[in-house]
Amino acid sequence: MTGKEAQLRQFREQIAQRAGAILDLEVPQLADAISDPPTRELGDLSLPCFQLAGPLKQAPAKIASQLAAASWDFPWIEAVETAGPYLNFKLRRDQFSKLALERVEQGSDQWGSGSSGHGKRVIVEYSSPNIAKHLAVHHLRSTMLGQAMANLLRCSGHEVVSWNHLGDWGTGFGKLLACWDLFRDTDNLDDPALELREDPVSDLNALYVLYNQASESDPQLESVARDWFRKLEAGDPLAVERWQRIRSVSLDKFDAIYQRLGVHFDQTIGESHYQDAMLAIVKELEGAGILEQSDGADVVRLSEDIPPLLVRKQDGATLYGTRDLASAVLRHQMFPFDRCLYVVDAGQGLHFRQVFGVLKRLGYRWAEDLEHAEFGVMRLQVDGAWKKGKTRGGQVVLLEAVLEQAVQLATSKVHSKNPDLAEDEVAKIAEAVGVGAVIFSDMKSARRKDVNFDLEKILSFDGETGPYLQYTHVRFCSILRKASDLNIKSGGGGRLVEADEVVLLKRVLRFPEVIARAARDAEPSHLSQYLLELAGEFNTYYAQHRVIGDDLELSSDRLALVAALKRTLGKGLELLCVTPLERM
RNA sequence: GUCCCCGUAGCUCAGCUGGAUAGAGCAUCGGAUUCCUAAUCCGGAGGUCGCAGGUUCGAAUCCUGCCGGGGACGCCA
């Protein structure tokens, strides 16, 4: 509850409540209407009176004057003035800054967290790569957006189950299982054993390519692969063992990268897990009488503007959609949820509408709580033009390679900026800066927008970037370090009377609201944008004022402001999986 | 053809539930470093918010139509 109290909203609500009392009028959402005036000269908070005009049958400007004439005896209000239909409040800065800092302090480690999700459970599905392949840059979107959403939801009080829906099943794996025998002379996967290799996934990929080349001249190979997959489905011990090993080395590789990115899953359940559940769901569809035959396949019809969902092929095999139906049912059994997010690219929009639609037809009320948190495609530069990055044609850019490049560049930059640092510290900082730059660039703008993966831009580290935020955080830390050396303690804030100090405090107090909104909309960019604004405002302030100066008491109050900013930016960066740094 | 997403400065994007003069970054031009990190800051230039209607006291924001870009549309995932 501390979190909820420590918001700018509390100040707005007090104003709204008083306005209602003066006018003897109930206006439910009045506090939401209170915002910032366009210029500082006009005041610090503003209440537009348009909405009040209707119920009161008076001109907005007249209502504003009436309100201005009444008593506003809050200790933190200095003056109330009208500007036409707007009622503008000037804050009493000494009081306001004191209250504001107190509220951040009350939040302590919980600063930013709220209670909007209290008692609610959310499942977030994201990342969901295919085993036996490398994570590529295009996996970054789902992985980081999903992790940030999970963090934001958790921070706003939800119980979150993060879910990795692994692509670990399908006829394609038959080929890999066959490779063990087919290419013994080229690469015997038991010698050295897959698990002991430096890069087992690359070796598997190489064999996969060999297989596809071979099958062009020898069509028989296709059926060999099918046989192996059939064996796998039937539970043949050798097939299962080989598949397990592929799965296991793949997961090890994923985990290494997930760890670098700050990504963690509560559940890693692959498509292989739904064999029985799929049979059950098909039976259920039959029982409900909504499974129909169409061209020899089984489909479920939906409303007019959506094509039917294909549940079973002519040969009786199940499909992607069947798996998603089964998975949704199982999820709800395991963790009855209030909301279930699928962080999957926008191209799957129709697919999810179909799956959700079928579950609704089955009468599952929780189907309303399924949500496709779609995002735009990542495009790569190919011959000067931006193209969707697909695995075809070997054009895939490995995520690890991108991270390496970013870290390398960061390393040389740290060296030149800070030559005195120890080597292991440089490595740590460069890792955080390089990886942070890549992550932040992906979460800076609205998730629905397509993004061009512009490595040059990502590695520029200037302007609205992850490193910019980290640098700002480093400034906070430097100031606090210096103060600590000089033995200056944080003050209560009563001397923060500069206009830009009020701006900064208002910004800080908005933090919990921003998190709640970002969690509600499953939109990490709300937080990214907020942090950029906070950093920008501070850096402007920093250029004009000294925090630690001759006036000891003023210094200690400004230190408290810096501490509040540091707490806010630090927490915000963590939520976005960017590491806040002490130096760089 | 049907459906979904997008269209704001040269480029990349913010703009909350409609509110006062539409904001950043990059690029460009000019400036700031005896002092808490210049990965920063300040200033200049740059916009009929795709177009046309409508709703409203008020529209970049909501509704309709059109134009442009991207994507998806049954036996892949």
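Structure report, in brief.

About the criteria used
- Residues numbered from 1 in each chain as written.
- Chains lettered and ligands numbered in written order.
- Predicted model: local features only at pLDDT ≥ 70, side-chain atom pairs only at ≥ 80, totals over all residues.
- Heavy atoms only, no water.
- Near = heavy atom within 4 Å.
- Polar contact = N/O pair within 3.5 Å; in protein donor to acceptor, adjacent residues only side chain to side chain.
- Helix = DSSP H or I, 4+ residues; strand = E, 2+ residues; numbered from the N terminus.
- Nonpolar A, V, L, I, M, F, W, Y, C, P; charged D, E, K, R; others polar.
- Core = buried A, V, L, I, M, F, W, Y, C linked by side-chain atoms within 4.5 Å.
- Buried < 20%, exposed > 50% of the residue type's maximum accessible area, 1.4 Å probe, protein only.
- Contact = heavy atoms within 4.5 Å.
- Pairing = 2+ DSSP bridges.
- Salt bridge = Lys/Arg side-chain N within 4 Å of Asp/Glu carboxyl O.

Here we take up the protein's contact with RNA strand B. Near RNA strand B lie 64 residues; those nearest to it are Tyr86, Lys313, Lys417, Tyr471 and Ser478. Across the atoms of RNA strand B situated within 4 Å of the protein, the share located in sugar and phosphate is 61%. Measuring from a phosphate oxygen of RNA strand B, one finds a side-chain N or O atom of Lys449 at 2.8 Å. Contributing elements (two or more residues each) for the surface near RNA strand B: β3 (86–91), β8 (297–300), α13 (320–334), α14 (349–361), α15 (399–417), α18 (466–485), α20 (511–521) and α21 (525–544). The element best represented in the surface near RNA strand B is α18, accounting for eight residues. Its residues assigned to classes, the surface near RNA strand B shows 27 nonpolar, 16 polar and 21 charged.

This part takes up the nonpolar core. The biggest cluster of nonpolar side chains holds 149 residues, and the ones touching the most others in it are Leu67, Trp72, Phe96 and Leu261. When residues no more than four places from it in sequence are discounted, the contact partners of Phe96 are Leu8, Phe11, Trp76, Leu91, Val502, Leu505, Lys506 and Leu509. Counting 35 residues, the second-largest nonpolar core is a separate cluster that includes Ile269, Met278, Leu302 and Phe335.

In this section: the sheet that holds strand β14 (residues 451–452). Here three strands make up an open sheet; going across it, the order is β13-β12-β14 and the pairing mixed. This sheet does not close on itself; its edge strands, each paired only once, are β13 (385–388) and β14. Direction of pairing for strand β12 (residues 378–382) relative to β13: antiparallel, over a ladder of four bridges. Within the sheet, the bridge partner assigned to Arg379 lies in β13 and is Lys388.

A separate point is the pattern of salt bridges. A complete count under the given rule lists 40 salt bridges for this structure. Lys253 serves as the salt-bridge partner of Glu400, at 3.2 Å between the closest nitrogen and oxygen. Of this pair, Glu400 sits in helix α15 while Lys253 sits in helix α11 (residues 237–261), and the two are 147 residues apart along the sequence. Looking at Glu400, the relative accessible area reads 31%, which means it is partly exposed. Among the ionic pairs, Glu553 bridges to Arg495, the shortest N-O distance being 2.9 Å. Here the residue Glu553 occupies a position in helix α22 (residues 552–575), and Arg495 occupies one in the loop between α18 and α19 (499–509), the gap between them amounting to 58 residues. Relative accessible area serves as the criterion here: at 45%, Glu553 is assigned to the partly exposed category. A single network of salt bridges, built from pairs that share partners, joins Arg184, Asp190, Glu195, Glu241 and Arg245.

Okay, the environment of Val435 next. Mapped onto the secondary structure, Val435 falls in helix α16 (residues 423–443). Along the chain, Val435 and Ala535 lie 100 residues apart, while their C-alpha atoms are 20 Å from each other. In this structure, Val435 is in contact with Arg260, Leu261, Leu403, Val407 and Ala430, ignoring residues within four places of it in sequence.

Attention now moves to the side chain of Asp442. Along the chain, the position of Asp442 falls in helix α16. Overall, Asp442 belongs to the buried group, its relative accessible area being 3%.

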